[in-house]
Amino acid sequence: MVRSLLFNKDISGTVFVPNNSLYIYAFPFSLFFHHHLFQHLPMAEQYMMPTCLIEKKCVPCNLKELRPMDEDVAHTLMPQVEKWNLVNESGVLKLRQSWTVKSFTKGLEFFKIVANLAENEGHHPDLHLVNWNNVTIEIWTHACGGLTENDFILAAKIDKLNLLEQIRRKPSE
Ligand SMILES: C[C@H](O)[C@H](O)[C@H]1CNC2=NC(N)=NC(=O)C2=N1
């Protein structure tokens, strides 16, 4: 139970949903502003933070008992994929991010770099290239119809690629 003076209620895992689909995760901020509230918590709870996604590897999604994660669990991982939006498409949670590239072929180069990463991870995003220079990537685990840790690992690794910088430097074929 994490009480906040600011909101005067239990805010552990609270999500404030402004008028768009971007979720703002309050917990880290409340941790910063209300750290004195945490002194009474056992050490483990005070510093219980998600594992470091960038160092993990995606695992095969052929486990029969694979289940999509709950929305509140997804929010504990969002701070590690802060450029991504968490969207809920008719009950299916997905990670989504969009970029504008300079040309159609740059968009394809963008996809090629992401495809190499996806093949290495054995986990694959949905790639959209629309209106010739708008790239959108959506990541979710098709095998269970929702989000698993694999999706967050892939999202974190895509951000680490620094794609716009990479395709800017590459001469167009
Ligand atoms: C065995 C292997 O893990 C599966 O076929 C993978 C391949 N890539 C995948 N990618 C995504 N996004 N969802 C899946 O369910 C999935 N399944």
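In this numbering scheme, every chain counts its residues from 1 along its sequence in written order. Only residues with pLDDT of at least 70 are given local features in this predicted model, and only at 80 or more are side-chain atom pairs given and counted; all residues enter the totals for whole chains, interfaces and linings. Side-chain metrics rest on all non-hydrogen atoms present in the structure, leaving aside hydrogens and water.

A few points about the site of the ligand
Here's step 1: Here a residue is near a molecule or strand as soon as one of its heavy atoms is found within 4 Å of it. Every residue near the ligand is listed here: Pro-60, Cys-61, Asn-62, Gly-122, His-123, His-124, Trp-140, Thr-141, His-142 and Ala-143.
Here's step 2: Under this definition, polar contacts are N or O atom pairs within 3.5 Å; protein pairs additionally need one hydrogen-donor-capable and one acceptor-capable atom, and for neighbouring residues in sequence, both atoms have to be side-chain atoms. At a separation of 2.7 Å, a nitrogen atom of the ligand approaches a polar backbone atom of Trp-140.
Here's step 3: Here a nitrogen atom of the ligand and a backbone polar atom of His-142 are 3.0 Å apart.
Here's step 4: Surface exposure here means Shrake-Rupley accessible area, sampled with a 1.4 Å probe, where a residue is shielded only by the protein chains that are shown. Relative to its free-state accessible area of 400 Å², the ligand is covered by the protein chains to the extent of 70%.
Here's step 5: As a working rule, the residues Ala, Val, Leu, Ile, Met, Phe, Trp, Tyr, Cys and Pro are called nonpolar, Asp, Glu, Lys and Arg charged, and the rest polar, with Gly in that last group. The class makeup of the residues in the shell around the ligand is four nonpolar, six polar and no charged.

Some words on the packing of helix H4 (residues 104-121) against helix H5 (residues 149-161)
Here's step 1: Note on method: axes are straight lines fitted to C-alpha atoms, helices fitted across the in-contact stretch only, with angles between N-to-C directions ranging 0 to 180 degrees. Going along the chain from the N terminus, every DSSP run of H or I of four or more residues is numbered as a helix, and every run of E of two or more is numbered as a strand. Orientation of H4 relative to H5, taken along the N-to-C sense of each, is 140°, at an axis distance of 11 Å. By the angle between their axes, H4 is oblique relative to H5. The hand of the H4/H5 crossing is right-handed. Here H4 contributes Ile-113, Val-114, Leu-117, Ala-118 and Glu-121 to the contact with H5, which in turn contributes Ile-153, Leu-154, Lys-157, Ile-158 and Leu-161.
Here's step 2: Class assignment for the residues of the contact of H4 with H5 results in eight nonpolar, no polar and two charged. An angle below 35 degrees is read as roughly parallel, one above 145 as roughly antiparallel, one from 65 to 115 as roughly perpendicular, and any other as oblique. Should the near helix be turned anticlockwise from the far one by less than a right angle, the crossing is termed left-handed; should it be turned clockwise, right-handed. Here, residues are in contact when the closest pair of their heavy atoms is within 4.5 Å.

Comments concerning the sheet that holds strand S5 (residues 126-130)
Here's step 1: In short, DSSP must find at least two bridges between two strands for them to pair. With antiparallel pairing, the four strands of this open sheet are ordered in space as S3-S4-S6-S5. This sheet does not close on itself; its edge strands, each paired only once, are strand S3 (85-89) and S5. Going across the sheet, the axis of each strand differs from the next one's by a mean of 30°, ignoring polarity.
Here's step 2: Across five bridges, the pairing between S3 and strand S4 (residues 92-100) is antiparallel. The partner of Leu-86 across the bridge, within S4, is Leu-95.
Here's step 3: Here H4 sits on the sheet in contact with S4, S5 and strand S6 (134-139), set at roughly 175° to S5.

Concerning the side chain of Ser-103
Here's step 1: Among the secondary structure elements, Ser-103 is positioned in the loop between S4 and H4.
Here's step 2: Among the polar contacts made by the side chain of Ser-103, one reaches the side chain of Thr-105 at a distance of 3.0 Å.
Here's step 3: Engagement of the side chain of Ser-103 in a polar contact is seen with the backbone nitrogen of Lys-106, the distance being 3.0 Å.

Focus on the pairing of S5
Here's step 1: As paired strands, S5 and S6 are joined by five bridges and run antiparallel to one another. Bridge pairing in S6 links His-128 to Thr-136.
Here's step 2: What sits between S5 and S6 in their antiparallel hairpin is a turn of three residues, with Asn-131 showing a positive phi close to 55°.

Here's the deal with the environment of Trp-99
Here's step 1: Relative to the helices and strands, Trp-99 resides in strand S4.
Here's step 2: Here the alpha-carbon distance between Trp-99 and Phe-110, two residues 11 residues apart in the chain, equals 9.9 Å.
Here's step 3: Residues in contact with Trp-99, not counting those within four places in the same chain, are Trp-84, Phe-110, Asn-133, Asn-134, Val-135, Ile-137, Ile-158 and Leu-164.

Examining H5
Here's step 1: The terminal C-alpha atoms of H5, which comprises 13 residues, lie 19 Å apart, in line with the 18 Å expected from a rise of 1.5 Å per residue.
Here's step 2: Only protein chains enter the accessibility calculation, which uses a 1.4 Å probe; a residue is then buried when its area is under 20% of its type maximum, exposed when over 50%, and partly exposed in between. Those residues of H5 not exposed but buried are Asn-150, Asp-151, Phe-152, Ile-153, Leu-154, Ala-155, Ala-156, Lys-157, Ile-158 and Asp-159.
Here's step 3: In this structure, the buried side of H5 is in contact with helix H3 (71-77), S4, H4, S6 and helix H6 (163-169).
Here's step 4: Following H5 by one or two positions, Asn-162 has its phi on the positive side, about 55°. By this rule the span expected of a helix is its residue count minus one, scaled by 1.5 Å.

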